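# Coordinate inspection notes
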Amino acid sequence: MTGKVLTIAGSDCSGGAGIQADIKTITMHGCYAMSVITSLTAQNTTGVTGISDVSPEFTAMQLDTVFTDIFPDSVKIGMVSNAGIIHVIAEKLKQYAPKNIVADPVMISTSGHNLLEPDAAEALRRELLPLAAVVTPNIPEAESLSGITIENMADMKRAAKKLSEELGTAVLVKGGHLPDEASDVLCSRAGEITVFESERIAVTNTHGTGCTLSSAIASNLAKGMNLNESIRRGKEYLAGALRQDFNLGRGSGPLKHFYLLDK
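One structure accompanies this document, and this report is about it. (Residues numbered from 1 in each chain as written. Predicted model: local features only at pLDDT ≥ 70, side-chain atom pairs only at ≥ 80, totals over all residues. Heavy atoms only, no water.)

### Re the layout of surface pockets
- Its boundaries defined by the atoms lining it, the largest pocket holds a volume of some 1000 Å³.
- In terms of lining, the largest pocket is formed by 48 residues, of which the most central are Lys174, Thr206, Thr209, Gly210 and Leu238.
- Among the elements of the structure, strand S1 (4-12), helix H1 (18-28), strand S2 (32-44), helix H5 (139-146), helix H7 (209-222) and helix H8 (227-243) are those that each provide at least two residues to the lining of the largest pocket.
- By residue number, the principal contributor to the lining of the largest pocket is H8, which donates seven residues. (1 Å grid on protein atoms, 1.4 Å probe; cavity = no way out; pocket = protein on both sides within 12 Å on 5 of 7 lines; lining within 4 Å. Points joined across faces, edges and corners; volume = space filled by probe spheres on them. Helix = DSSP H or I, 4+ residues; strand = E, 2+ residues; numbered from the N terminus.)

The structure is reproduced here in C-alpha cells:
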C-alpha cells in the first residue's frame, strides 16, 4: 500500500524548498503527497524577498479537508511563520492525532532570511514541537531552541538531549553547519543517543536540504520503517541528491530531487 504523507509548510515559488521540495521528495519515495500551504514566499536561490501568510482560518480549512478524506500516514511540518497558524495546526493535530509527525523547525532560510515572526518562536516550542515523533533542527535552530552554543559533536549531543527532555520527543540535530562534520545526532524519547555518520559533501548548491531530509524521514515512516531506519535512508537519499551539485540559479542552487530517475 502506498504511504500517504501530508506536508504542512510554505510555498517556494522557485521550487527548491518548502512545499515544492517536499512533494518532489515524497513522490520520489513512492508515497502519495498532500499539502497544506501556510505561507506564500517570493524566493529564489539568492534569497527571500517577500512572505504572505495564509490566514489561520484557511489553514484550518485545508487541514480539515485533508484529514476527513485521505488520512495521512505521516505528517511533515515545515515553515509556520506566526503564532496564529501554529495554534491552529496544533489544535487540528491534537484533534485528528496522526501517528507520525516530523517537525522541521524552519526558522532561518538557507540564504539567511528570518522565516519566523518573533512571537511565533515560543508558540512553536510550546504548542507544536511536543506533538512530533521527531524534531529536526539544524545547528542554528538547535542553538536557538536549546540555548547551547554548538561547536562540535559533544555540543550536538548535549543540545539534542536537552531538547528531547524539554519537548518530550525525539530530536535529530543536523550537523551540516559544522566545518568538519556532516554527521547528525539523534536523542530518542528514552534518552538514547545515536550518531548517524556521513561524509561532508563539498557542494554549494544546498537550497532546501532541511525540507528534503524531513520529508524523506516522513515518507519512510509512512512506509512503516522505524525512526532510526527512516533517518538513515533519508540521509542516503539527501546525500545522493546533494552529490548531483545541481547548478541552477545565481545563488545556492536546489537539489536534484529526481536524480534516481537518471539511473
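After that view of the structure, there is still more to cover.
### Quick look at the sheet that holds strand S8 (residues 184-187)
- With mixed pairing, the nine strands of this open sheet are ordered in space as S3-S2-S1-S4-S5-S6-S7-S8-S9. The sheet terminates laterally at strand S3 (47-53) and strand S9 (193-196), the two strands that pair on one side only.
- The sheet strands contacting H1 are S1, S2 and strand S4 (74-77), and the helix crosses S1 at an angle near 150°.
- Across the sheet, helix H6 (residues 153-167) lies against strand S6 (134-135), strand S7 (170-173), S8 and S9, angled at about 30° from S8, the strand it touches most. (Pairing = 2+ DSSP bridges. Contact = heavy atoms within 4.5 Å. Axes fitted to C-alpha atoms, helices over the stretch in contact; angles between N-to-C directions.)

### Describing the environment of Leu63
- Considering the arrangement of structural elements, one finds Leu63 in helix H2 (residues 56-67).
- Its relative accessible area of 0% is what places Leu63 among the buried residues.
- Here the alpha-carbon distance between Leu63 and Pro179, two residues 116 residues apart in the chain, equals 40 Å.
- Once residues lying within four places of it in the same chain are set aside, the contact partners of Leu63 are Leu6, Ile8, Val36, Ile89 and Lys92. (Buried < 20%, exposed > 50% of the residue type's maximum accessible area, 1.4 Å probe, protein only.)

### Points about the packing of helix H3 (residues 83-96) against helix H4 (residues 120-128)
- At a closest axis distance of 9 Å, the pairing of H3 and H4 adopts a crossing angle of 10°. Between H3 and H4, the interaxial angle falls into the category roughly parallel. Every residue of H4 that contacts H3 at Ala83, Ile86, His87, Ile89, Ala90 and Leu93 is listed here: Ala120, Ala123, Leu124, Glu127 and Leu128.
- Residues of the contact of H3 with H4, tallied by class, amount to nine nonpolar, one polar and one charged. (Parallel < 35°, antiparallel > 145°, perpendicular 65-115°, else oblique. Nonpolar A, V, L, I, M, F, W, Y, C, P; charged D, E, K, R; others polar.)

### As for the packing of aromatic side chains
- Taken as a whole, this structure holds four aromatic pairs when the rule is applied.
- For the ring pair Phe67 and Phe71, a centre distance of 5.2 Å and an interplane angle of 70° mean the geometry is edge-to-face.
- Judged by relative accessible area, which is 5%, Phe67 ranks as buried.
- Phe71 sits in the partly exposed class, given a relative accessible area of 34%.
- Judged by centre distance (5.9 Å) and plane angle (85°), the ring pair of Phe246 and Phe258 falls under edge-to-face. In this pair, Phe246 sits in the segment after H8 while Phe258 sits in the segment after H8, placing the two residues 12 residues apart along the sequence.
- With relative accessibility at 37%, the residue Phe258 sits in the partly exposed group.
- Here the aromatic cluster, defined as three or more aromatic residues joined through ring pairs, consists of Phe67, Phe71 and Tyr96. (Phe/Tyr/Trp six-rings, centres within 6.5 Å; stacked < 30°, edge-to-face > 60°.)

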